[in-house]
Every structure is written in structure tokens, then in C-alpha cells.
Amino acid sequence: MAFWNSLWPGRESQFESGSAATNSIVLSRRHATVSLTKQGALSGNLRVNLSWQMRTSDIEGRSRQNGRLLRPLKLFQPDVVQAHTQGVANVDLDLGCMYELTDGTKGVVQPLGNLLGDLNAPPYIKLSGDDRFGSASGETVYVNLDQREQIKRMLFFVYIYDQTPAFERTHAKVTLYPGNGPRIEIELEERAPQARSCAVFTLENVKDELIVRREVKFVYGFQSELDRLYGYGMQWGRGYKTRA
């Protein structure tokens, strides 16, 4: 990669910040923020989607790789299977959002506890539903940007509900679809074998400018630990889901 990048200076940074060809902005450690205001995405609904696939284990991956050296045609067979096929493990990733409004109201929108929110009334955030198997549509949260003056800050996070921690075996991605401008992609690519939750990104109203900042910080606890990390100061208790 270094050789090719030396031939085309700036090629790597262009890929990370998005381009007209892909119509997407990829947030990374090096390029962690983007302004929705400067993108002209200040009206309609911001759609935030979580999707994931299951990876095979490292041991299985190595054995497959060794087999491919002996059988070159195996190189063209994919390593990843869809989670809803139940082919590898049953991991239930959930998408949630902690919020603080300008009037001081704080809360959370998440599948746990059936806290689905409201799009046309406070908190102006709505979860579409709970995807328990990693289907193609995933889970989606909508944010009503027509009410952006009411928004102070939001923290979007992903957690594993009531299953063995397996973030390192999932290929998870959160994608933002503004009403205008390119989509914004954030991949949860870091390996965190024992983590149960991940702060993915924040959305803050800074002097009337909406700023998206990539976080991708894994923690070993759940919402209360994310709350302490970002200072929302809410009270948390044990929650459960109804059986699927």
C-alpha cells in the first residue's frame, strides 16, 4: 500500500474522507469528524442504521487459509456468513442512543425496555424496531433534524444483549443517511473480545453546527458504563427483552 500511495499522494486520505465515486464519507481515527451543517443536511430525518455479519473464529480462519493454499479455488469462497443463518454463533447486537435536549431532558432510546422514542415529539428520536438476527436491513434509528434546535447532544452506541461477548467475531457497521449529502460510514473494526458495549459516535449541537464525531470506544459493561464515560448522569437498572 505504501508503494501505491507514493505514486498517488493523498490517495489514502481521499478514501477515508469519502469521494463522489462512492458518495460516502468514511470516518476513521485520522478523520474522525464531519459537519452535517456544512454538508447541508439540516432538515428531514437523519437515518442511522446498524448492520452486522458474523465472522468465523480465528482458528477456523487459519485452517481455512491453510486449506486454500492447497486448494487455490478456495480463495474465491467468502469467510463471512450472515448472522441470521445461525451458522456460527447467535449474537444479538442492539443499537441505542443516549440523548440530552437543550431543556435539560435526558434519556435513552433502545430496544431494551421497549424504549422506542418518538419522532414528532421529544426526544425527536425513533427506533424502528429490534433486529435480533443481523438481517440485511439491520436496526435503524431516526432523528428529526427539523427539531435540531432542541438537540444538545446524542451518543449512539451498540451493545450485545444477553450473549457471550463476541465483538471480535462480528463485522459491524453503523451508517448515517442524512436527508441531503453523502452517507457517513463508521466500522467497528477494532478487536475487543470481552467488550459488551461500544460507543460508536456522538452528534452534538456546537454553536448551531451539528457535528458527528467517531468514537468507537469499547467497554466491558453496559449502558451505565457508557454513561459514566460520557457524563450523562442517568440512573440505570437491569432490563430484559420479551422472547422472540
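Cut-offs used in this document
Residues numbered from 1 in each chain as written. Predicted model: local features only at pLDDT ≥ 70, side-chain atom pairs only at ≥ 80, totals over all residues. Heavy atoms only, no water. Helix = DSSP H or I, 4+ residues; strand = E, 2+ residues; numbered from the N terminus. Contact = heavy atoms within 4.5 Å. Areas by Shrake-Rupley, 256 points an atom, 1.4 Å probe, with all protein chains shown as cover. Pairing = 2+ DSSP bridges. Axes fitted to C-alpha atoms, helices over the stretch in contact; angles between N-to-C directions. Buried < 20%, exposed > 50% of the residue type's maximum accessible area, 1.4 Å probe, protein only. Salt bridge = Lys/Arg side-chain N within 4 Å of Asp/Glu carboxyl O.

**Q** Honestly, the overall build of the protein in this entry has me stumped. Any pointers?
**A** Each helix and strand in the protein was counted, giving four helices and 13 strands. Within the protein, contacts between residues separated by at least 24 positions form 67% of all contacts whose residues are at least 6 apart in sequence. Accessible area for the protein stands at about 13200 Å²; split by element, carbon and sulfur atoms hold 50% of it.

**Q** Explain the sheet that holds strand E4 (residues 93–101) to me, please; I cannot follow it from the model alone.
**A** With antiparallel pairing, the six strands of this open sheet are ordered in space as E2-E13-E12-E9-E4-E5. With partners counted over all chains shown, the strands left at the sheet margins are strand E2 (33–35) and strand E5 (106–109), one partner each. Between one strand axis and the next, the sheet turns through 20° on average, direction left out of account. In the sheet, strand E12 (residues 197–206) pairs with strand E13 (residues 209–219) via nine bridges, with the strands oriented antiparallel. Across the sheet, the residue bridging to Val206 is Glu209, located in E13.

**Q** Looking at this structure, I do not really get the pairing of E4. What am I missing?
**A** Within a regular strand, side chains alternate between the sheet's two faces. The element E4 is largely enclosed, with a buried count of nine among its nine residues. Judged by which residues are buried, E4 turns out to be covered on both faces: Leu93, Leu95, Cys97, Tyr99 and Leu101 on one side and Asp94, Gly96, Met98 and Glu100 on the other are all buried. The sheet contact formed by E4 and strand E9 (residues 151–160) spans nine bridges and is antiparallel. Along E9, the bridge assignment pairs Met98 with Leu155. Taken together, the four bridges between E4 and E5 define a ladder with antiparallel strand orientation. Bridging from a neighbouring strand, Cys97 pairs with Val109 of E5. Hairpin geometry of E4 and E5 is characterised by an intervening segment of four residues between the two adjacent antiparallel strands and by a positive phi of about 95° at Gly104.

**Q** Before we go on, may I ask you to explain the pairing of E12 in this structure?
**A** E12 sits mainly inside the fold: seven of its 10 residues count as buried. In this structure, E9 lies alongside E12, joined through seven bridges in antiparallel fashion. Counterpart to Leu155 in the pairing with E12 is Thr202. Connecting E12 to the antiparallel partner E13 that follows it, the hairpin turn spans two residues, and Lys207 within it adopts a positive phi of roughly 55°.

**Q** Honestly, the environment of Glu149 in this entry has me stumped. Any pointers?
**A** Among the secondary structure elements, Glu149 is positioned in the loop between strand E8 (139–144) and E9. Since its relative accessible area comes to 47%, Glu149 is described here as partly exposed. The spatial distance from the C-alpha of Glu149 to the C-alpha of Thr102 is 7.6 Å, given a sequence separation of 47 residues. Glu149 has contacts with Thr102 and Asn205, leaving out every residue within four places of it along the chain.

**Q** When you look at the pattern of salt bridges in this model, what are you seeing that I'm missing?
**A** It is possible for side chains bearing opposite charge to pair when their charged atoms get close. For the structure on display, the rule yields seven salt bridges. The salt bridge partner of Arg153 is Glu100, with a shortest N-O separation of 2.8 Å. Of this pair, Arg153 sits in strand E9 while Glu100 sits in strand E4, placing them 53 residues apart in sequence. An identical accessibility class is assigned to Arg153 and Glu100; each is buried. With a closest N to O distance of 3.5 Å, Lys217 and Glu215 form a salt bridge. Taking relative accessible area as the criterion, Lys217 reaches 40% and is therefore assigned partly exposed. Looking at Glu215, the relative accessible area reads 13%, which means it is buried. One network of salt bridges, in which partners are shared, links Arg29, Glu189, Glu190 and Arg214.

**Q** Looking at this structure, how should I read unusual backbone geometry?
**A** For residues that are not glycine, phi is negative in most cases, and the peptide bond is trans in most cases. In this model, Pro122 is joined to Pro123 through a cis peptide bond whose omega is 15°. The phi angle at Tyr124 is positive, at roughly 65°, despite the residue not being glycine. Checked against the element boundaries, Tyr124 lands in the loop between strand E6 (117–118) and strand E7 (125–127). With a relative accessible area of 11%, Tyr124 lands in the buried category.

Any functional reading would require information that these geometric values do not contain.
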